[in-house]
Amino acid sequence: MTHESEKFAARSTSDSFQCEIAHQEGGAIDREPAVARTRLMQTLAAQVSKALTQYMIREGIGFNELERRLQMSSATVAKLLRGQSNITLDTIAALALVLEQEPKLLFFASKGEENA
């Protein structure tokens, strides 16, 4: 295994998607897009965690009741609350139903154009 390959192999699972984006350019690895992607995912996960925590406080419920309402495993709910979950569309739908909120997609046809 080459030195550069060993660096990639040593990365943790949470960083694995960064490796998929990173590319070689004159021997150096450019990770700037991967860093931005990581930060965005962390921000989104933190927003979900905050929304769930606020919901639990507002409803006066604990972890077990949240798990029951979401119909998700303890491990999944714990990851959501810690902000450590890579959320699927199915999870977004479940969260939207329990939180009684309509999820909004932030992509638009062209810059500055919003779809209502």
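Residues numbered from 1 in each chain as written. Predicted model: local features only at pLDDT ≥ 70, side-chain atom pairs only at ≥ 80, totals over all residues. Heavy atoms only, no water.

Participant: Explain the overall build of the chain to me, please; I cannot follow it from the model alone.
Facilitator: Along the backbone of the chain there are 6 helices and 2 strands. Along the chain, helices (α) and strands (β) appear in the sequence α-α-β-β-α-α-α-α when read from the amino end. Within the span of the chain, comprising 116 residues, buried residues form 23% of the whole. Taking the contacts inside the chain whose residues are at least 6 apart along the sequence as the reference set, 32% of them involve residues at least 24 apart. When the accessible surface of the chain is totalled, it reaches about 8700 Å², and 54% of it is carbon and sulfur. (Helix = DSSP H or I, 4+ residues; strand = E, 2+ residues; numbered from the N terminus. Buried < 20%, exposed > 50% of the residue type's maximum accessible area, 1.4 Å probe, protein only. Contact = heavy atoms within 4.5 Å. Areas by Shrake-Rupley, 256 points an atom, 1.4 Å probe, with all protein chains shown as cover.)

Participant: Sorry, what's going on with the nonpolar core here?
Facilitator: In globular proteins that are soluble, nonpolar side chains generally tend to be buried together. If you look at the biggest cluster of nonpolar residues, it comprises 14 residues, and the most contacted ones within it are Leu-52, Tyr-55, Leu-66, Leu-70, Met-72, Leu-80 and Leu-95. Put simply, the parts of the chain that give this core at least two residues each are α3 (32-59), α4 (63-70), α5 (74-82) and α6 (89-99). Residues within four places of Leu-95 in sequence aside, it is in contact with Val-48, Leu-52, Leu-70, Leu-80 and Glu-100. (Core = buried A, V, L, I, M, F, W, Y, C linked by side-chain atoms within 4.5 Å.)

Participant: Looking at this structure, how should I read α3?
Facilitator: Residues spaced three or four apart along an α-helix face the same direction, because each turn holds 3.6 residues. Look at α3: 41 Å from first C-alpha to last across 28 residues, which is about the 40 Å you get at 1.5 Å a residue. What α3 keeps buried is the set Ala-34, Thr-38, Ala-45, Val-48, Ser-49, Leu-52, Tyr-55 and Met-56. Positive backbone phi, approximately 65°, marks Gly-60, located one or two places after α3. (Expected span 1.5 Å × (residues − 1).)

Participant: What's the story with the environment of Gln-84 in this structure? I'm lost.
Facilitator: By the element assignment, Gln-84 lies in the loop between α5 and α6. Sequence separation between Gln-84 and Met-41 is 43 residues; the distance between their C-alpha atoms is 9.4 Å. Within the structure, the side chain of Gln-84 is placed 2.7 Å from the side chain of Arg-82, a separation counted as a polar contact. (Polar contact = N/O pair within 3.5 Å; in protein donor to acceptor, adjacent residues only side chain to side chain.)

Participant: Which parts of the structure should I look at to understand the confidence of the model for the chain?
Facilitator: Atom-level detail of predicted coordinates should not be read off regions where pLDDT is low. Mean pLDDT for the chain: 76, with 65% of residues reaching 70 or above. Segment residues 1-25 is flagged for pLDDT under 50; beyond a separation of four residues in sequence, or across chains, it makes 28 contacts in the model. (pLDDT = per-residue confidence, 0-100.)

Participant: Looking at this model, I keep getting lost on the pattern of salt bridges. Mind explaining?
Facilitator: Pairing between side chains of opposite charge can happen when their charged atoms approach one another. For the structure on display, the rule yields 3 salt bridges. When the shortest N-O distance is used, the salt bridge between Arg-69 and Glu-59 registers 3.2 Å. Of the two residues, Arg-69 is situated in helix α4 and Glu-59 in helix α3; the sequence distance between them amounts to 10 residues. Taking the relative accessible area as the measure of exposure, Arg-69 reaches 27% and is therefore partly exposed. One salt bridge in this structure joins Arg-68 and Glu-65, with 2.5 Å as the shortest N-O distance. Note that Arg-68 and Glu-65 are positioned in helix α4 at a spacing of 3 residues, about one turn of the helix. Connected via shared salt-bridge partners are Glu-59, Glu-65, Arg-68 and Arg-69. (Salt bridge = Lys/Arg side-chain N within 4 Å of Asp/Glu carboxyl O.)

Participant: What's the story with the packing of α4 against α5 in this structure? I'm lost.
Facilitator: Each pair of packed helices can be described by the angle between their axes along with the distance between the axes. Close contact between α4 and α5 brings their axes to 10 Å; oriented N to C, the two are set at 110°. Looking at the two axes, α4 sits roughly perpendicular to α5. Contacts from Phe-63, Leu-66, Glu-67 and Leu-70 of α4 reach α5 at Ser-74, Val-77, Ala-78 and Leu-81. Within the contact of α4 with α5, the residues separate by chemical class into 6 nonpolar, 1 polar and 1 charged. (Axes fitted to C-alpha atoms, helices over the stretch in contact; angles between N-to-C directions. Parallel < 35°, antiparallel > 145°, perpendicular 65-115°, else oblique. Nonpolar A, V, L, I, M, F, W, Y, C, P; charged D, E, K, R; others polar.)

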